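# Results of the structural survey
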Amino acid sequence: MKKSLYGFAIIALFLGMAACGDKKETAASIAKQWCDLNGKAFKAAEGAEKEAAQAARKKFEDEMEAKYKDDEAFMKEVGKEVEKCEDASEGR
């Protein structure tokens with residue numbers, strides 16, 4: 001019984017990852033992810049929770065910068081999109 005559950009979980013995980021792999025990232029989708037992470041960091045309680053949320057946001061920033069470091073125009077577009085949602089993510 002346990003083996004069949006593990007097998008099912010692995011297959012479900014694989015299919016989920018395959019389905020997500022086809023999505024093309026846009027400046028707007030990256031900005032939305034960043035704003036979601038920023039909102040979580042802004043709203044998190046002080047201490048470990050806030051540090052974890054800030055670390056998650058920083059990790060995402062580093063990944064996107066590494067991935068798109070050679071595409072200045074795209075990164076500028078991401079910056080413009082972030083500006084649109086940043087205030088809302090911080091409750092302003």
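Parameters and conventions
Residues numbered from 1 in each chain as written. Predicted model: local features only at pLDDT ≥ 70, side-chain atom pairs only at ≥ 80, totals over all residues. Heavy atoms only, no water. pLDDT = per-residue confidence, 0-100. Contact = heavy atoms within 4.5 Å. Disulfide = S-S within 2.5 Å. Helix = DSSP H or I, 4+ residues; strand = E, 2+ residues; numbered from the N terminus. Phe/Tyr/Trp six-rings, centres within 6.5 Å; stacked < 30°, edge-to-face > 60°. Buried < 20%, exposed > 50% of the residue type's maximum accessible area, 1.4 Å probe, protein only.

### Let's talk about the confidence of the model for the chain
- Confidence along the chain averages 82 in pLDDT terms, with 75% of residues attaining 70 or more.
- Predicted confidence for residues 1–5 stays below pLDDT 50, and this span has 0 contacts to residues more than four positions away or in other chains.

### Things to note about the state of the cysteines
- Summed over the entire model, instances satisfying the criterion amount to 1 disulfide.
- Between Cys 35 and Cys 85 runs a disulfide, and the two sulfur atoms are separated by 1.8 Å. Across the S-S bond of Cys 35 and Cys 85 the torsion is about 70°, and the bridge reads as right-handed. With Cys 35 in helix α2 (residues 27–43) and Cys 85 in helix α4 (residues 72–89), this pair connects stretches of sequence that are 50 residues apart.

### Thoughts on the packing of aromatic side chains
- Under the criterion given, the structure shown has 1 aromatic pair.
- Judged by centre distance (4.6 Å) and plane angle (45°), the ring pair of Tyr 68 and Phe 74 falls under tilted. Residue Tyr 68 shares its accessibility class with Phe 74, and that shared class is buried.

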